[in-house]
Amino acid sequence: MAISVFDLFSVGIGPSSSHTVGPMRAAHAFIAHVLKRGVLEDLESLKVDVYGSLAATGRGHGTFTAILLGLEGFEPESILPSQVDERLADIEDGGPLRLADQLGARKDISYAVPDMIQHPLTILPRHTNGVKFAAVDAAGNTLLEETYYSVGGGFIVKDGAEERVEKSLEEKAKSVPYPFTTAEQLLDYSAETGKSFAEIMMANEETWRTREEIHAGLVHIYQVMEQCKDSALERTGVLPGGLNVRRRAPEWHERLRKEDKDRDPVYWQEWINLVALAVNEENASGGRVVTAPTNGAAGIIPAVLFYATHYAPGAKFWNEEERNEAVVKFLLTAGAVGVLYKEQASISGAEVGCQGEVGSASSMAAGGLAEVLGGTPAQVENAAEIAMEHNLGLTCDPIGGLVQIPCIERNAIAASKAVNAAKMALMGDGQHHVTLDEVIITMRETGKDMSDKYKETAMGGLAVNVVEC
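Residues numbered from 1 in each chain as written. Predicted model: local features only at pLDDT ≥ 70, side-chain atom pairs only at ≥ 80, totals over all residues. Heavy atoms only, no water.

K.L.:
Looking at this structure, I do not really get empty space enclosed by the protein. What am I missing?
P.N.:
Think of a ball as big as a water molecule: rolled over the atoms, this probe shows where empty space is left. Here the structure, examined in full by the defined rule, presents one cavity of 30 Å³ or more. Counted as a void, the largest cavity has a volume near 150 Å³. The wall of the largest cavity is formed by 17 residues, among which Gly296, Glu357, Cys396, Val403 and Cys407 lie closest to the centre. Residues that form the lining of the largest cavity fall into these classes: ten nonpolar, three polar and four charged. (1 Å grid on protein atoms, 1.4 Å probe; cavity = no way out; pocket = protein on both sides within 12 Å on 5 of 7 lines; lining within 4 Å. Points joined across faces, edges and corners; volume = space filled by probe spheres on them. Nonpolar A, V, L, I, M, F, W, Y, C, P; charged D, E, K, R; others polar.)

Take a look at the structure:
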């Protein structure tokens, strides 16, 4: 296991981890390399080529504007929505692109979204989400050229660096006490040590951080999820992008507050629907969210965490410390399950369809909830398996390339699936016919067989059969 829980859960901006967060990180990495190579002053122009799914749905996903912000040195973890609005408005009004401005240097050039070259039908060999940068001097000479791939969940890989990255991850994996890439290995560790999935994940995380830092970091992740939900509940009107999708979360919240004043358990599904909708409406607005493990699936884990912290046995009597312990246990377990998808398959909708985003998040949430509800390692593995098994084949066909329809409602449906999967697993003894590893491999193979038009290109499914209005 070379992937940290903080790789899977990171703070960023919407609407997409692979199409917004990843491209911003790639642009940031490129301009940082320009600065490091000492060629910023000689740079007079840029050439940016965007390929495959990034180009096909880039407008609706904010890909092109995210690249501009990354070239100015902004990072998704720290940029504020107000900064996004301010800088993009200035560039749109004819202002210069301030290269490396956030990195302690600055070179102004004339460059905007129309200057980017889009290749929606060209797929680079490494991944469908590709972007190529070139820094050019006044004579037209190329000073530096690099290609990056956004491989899902905000993760990026630089072309030509894959082997070095793999070797680095291998070395990192050797340093942890419980390296794992499969659920079978996780279950074996649990049988040998008596540790839960959360405890195994915690032991590995302690290779890089203290227990106190891990605890504080995960509680912070939870707090950002809550802030994201609360922000959405204050925003009315329609979502940006042109589809005129009405924000439903504020209205639903007011209705639930009137109908369920005492948090009656009979309303659990309405509440997790609300949380999932709220988070994904905030994501669709370009607000601050937690990739969990992607932005398109960002509402599922916060919604199921809401269930865990409000409807788990005794949860209504928990103090802050007890609630935070449950949150940490949940996120560590969900993170362990997420590692399995990153290691054995993919969490990129452009690579395997929405089964890799919403399906993975539902599986992670089901495992986390089963752990908080007292499940054994076998029951936790079973919960994660059930959730993914019934998301197999899920396509990614956003209307208009926007992370709105069917994405927002899909998060609510998948959150309910996760709760149901955990409950089903806890009713059993952990024995089941299909293993989590088998369903992950099946998801990977299904993604390979899936037509590209159903993998975040807006060229099939609802994206072409529903009239944009």
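K.L.:
Would you explain a nonpolar patch on the surface in this entry?
P.N.:
A cluster of nonpolar side chains, namely Ile405, Leu462 and Val466, defines an oily patch on the protein surface of about 190 Å² accessible area. Take isoleucine 405: it is sitting in the loop between α17 (377-389) and α18 (407-427). Take isoleucine 405: its relative accessible area is 35%, and that puts it in the partly exposed class. (Patch = residues over 30% accessible without salt bridge, like charges linked within 9 Å, V, L, I, M, F, W, Y side chains within 5 Å. Areas by Shrake-Rupley, 256 points an atom, 1.4 Å probe, with all protein chains shown as cover. Salt bridge = Lys/Arg side-chain N within 4 Å of Asp/Glu carboxyl O. Helix = DSSP H or I, 4+ residues; strand = E, 2+ residues; numbered from the N terminus. Buried < 20%, exposed > 50% of the residue type's maximum accessible area, 1.4 Å probe, protein only.)

K.L.:
I'm lost on the nonpolar core in this one. Help?
P.N.:
Soluble globular proteins tend to pack their nonpolar side chains together in the buried interior. Of all hydrophobic cores here, the largest spans 95 residues; its most connected members are Phe9, Ile300, Ile301, Val304, Phe330, Leu331 and Leu332. The element contributing the most residues to this core is helix α14 (residues 320-344), with twelve residues. Once residues lying within four places of it in the same chain are set aside, the contact partners of valine 304 are Phe330, Ala365, Leu369, Ala415, Ala418 and Val419. With 29 residues, the next largest nonpolar core counts Val34, Val39, Leu68 and Ile91 among its residues. (Core = buried A, V, L, I, M, F, W, Y, C linked by side-chain atoms within 4.5 Å. Contact = heavy atoms within 4.5 Å.)

K.L.:
Before we go on, may I ask you to explain the packing of aromatic side chains in this structure?
P.N.:
When we look at a pair of aromatic rings, we describe it by the centre distance and by the angle of the planes. The full count for this structure, using the stated rule, is six aromatic pairs. Taken together, a centroid distance of 5.0 Å and an interplanar angle of 15° make the contact between phenylalanine 30 and phenylalanine 133 stacked. Of the two residues, phenylalanine 30 sits in helix α2 (residues 17-36) while phenylalanine 133 sits in strand β6 (residues 129-136), which places them 103 residues apart along the sequence. Taking relative accessible area as the criterion, phenylalanine 30 reaches 0% and is therefore assigned buried. (Phe/Tyr/Trp six-rings, centres within 6.5 Å; stacked < 30°, edge-to-face > 60°.)

K.L.:
So what exactly am I meant to see when it comes to the layout of surface pockets here?
P.N.:
In this model, the second largest pocket occupies a volume close to 480 Å³. Lining the second largest pocket are 23 residues; nearest its centre among them are Pro15, Arg59, His61, Gly62 and Thr65. At the level of secondary structure, the elements contributing two or more residues to the lining of the second largest pocket comprise α2, α4 (58-61), α5 (63-71) and α6 (81-92). Taken together, the residues of the lining of the second largest pocket sort by class into eleven nonpolar, ten polar and two charged.

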